[in-house]
Amino acid sequence: MSEPTPWAWNQWRRSAINTVAACWAPAPHAELPCWVSESVIRRVVGSREVMSEQLEHLLLTNESPDVTLQVLPFARGAHAAAMGSFMILGGVEPSLDVVYVDIHVGSLFMEKEEELERYRLAFDYLRVQALDMAATSALIKRVLREM
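Bear in mind the structure is a predicted one, so any value in this text is a computation, not a measurement.

A. Quick peek at the overall build of the chain. Counting its regular elements, the chain contains five helices and six strands. For the chain, the N- to C-terminal ordering of α and β elements is α-β-β-α-α-β-β-β-β-α-α. Evaluated residue by residue, the chain yields a buried proportion of 39% over its 147 residues. When contacts within the chain are restricted to residue pairs at least 6 apart in sequence, long-range pairs at least 24 apart make up 65% of them. Carbon and sulfur atoms provide 59% of the accessible area of the chain, an area that totals close to 8900 Å².

Next comes the structure, spelled out in structure tokens:
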């Protein structure tokens, strides 16, 4: 798979206004759960060839024992992370957890307990709203066939 150019990466990042990518990094060598909006796999950024390579990469990533990739389908309506992407960076000591929020003019790091709880709750909602891994892979394969 070819690496995205800085221009393509920037275009993808700018399209994030209508997408969501949420990941929680709880500890080194731990499972990394990630949720993406269905728009992420359907909106062609760059060429169809590049997009096909990216979708194939997502399918391979979803086979990793360390990654859980799930799609938030359009059919389930608004979701808990509709305002944008974020990550909860955590480890063995929960009091050191930090929320990283990506915004158009930069990024924010939040560490207050009430902020962390708000984003942990959003993760719980995302888990419920997202397709399971098998349905996610099936949807990505269907989108690939439609391209």
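Next, the rest of the story.
B. Structural detail: the packing of aromatic side chains. Applying the stated criterion across every chain yields a total of four aromatic pairs. Counting every residue linked through ring pairs, the aromatic cluster contains Trp 35, Phe 86, Tyr 119 and Phe 123.

C. Fine view of the nonpolar core. Ile 41, Leu 55, Val 71, Leu 139 and Ile 140 are the most contacted members of the largest nonpolar core, which totals 14 residues. Counting only elements with at least two residues in this core, the list comes to strand S2 (32-37), helix H2 (38-42), helix H3 (48-61), strand S3 (67-72) and helix H5 (133-146). Here this core gets four residues from one element, more than from any other, and that element is H5. Among all residues touching Leu 139, those that are not within four sequence positions of it are Glu 38, Ile 41, Arg 42, Val 71 and Leu 131. Membership of the second largest hydrophobic core comes to 13 residues, among which are Leu 72, Phe 86, Met 110 and Tyr 119.

Analysis parameters
Residues numbered from 1 in each chain as written. Predicted model: local features only at pLDDT ≥ 70, side-chain atom pairs only at ≥ 80, totals over all residues. Heavy atoms only, no water. Helix = DSSP H or I, 4+ residues; strand = E, 2+ residues; numbered from the N terminus. Buried < 20%, exposed > 50% of the residue type's maximum accessible area, 1.4 Å probe, protein only. Contact = heavy atoms within 4.5 Å. Areas by Shrake-Rupley, 256 points an atom, 1.4 Å probe, with all protein chains shown as cover. Phe/Tyr/Trp six-rings, centres within 6.5 Å; stacked < 30°, edge-to-face > 60°. Core = buried A, V, L, I, M, F, W, Y, C linked by side-chain atoms within 4.5 Å.

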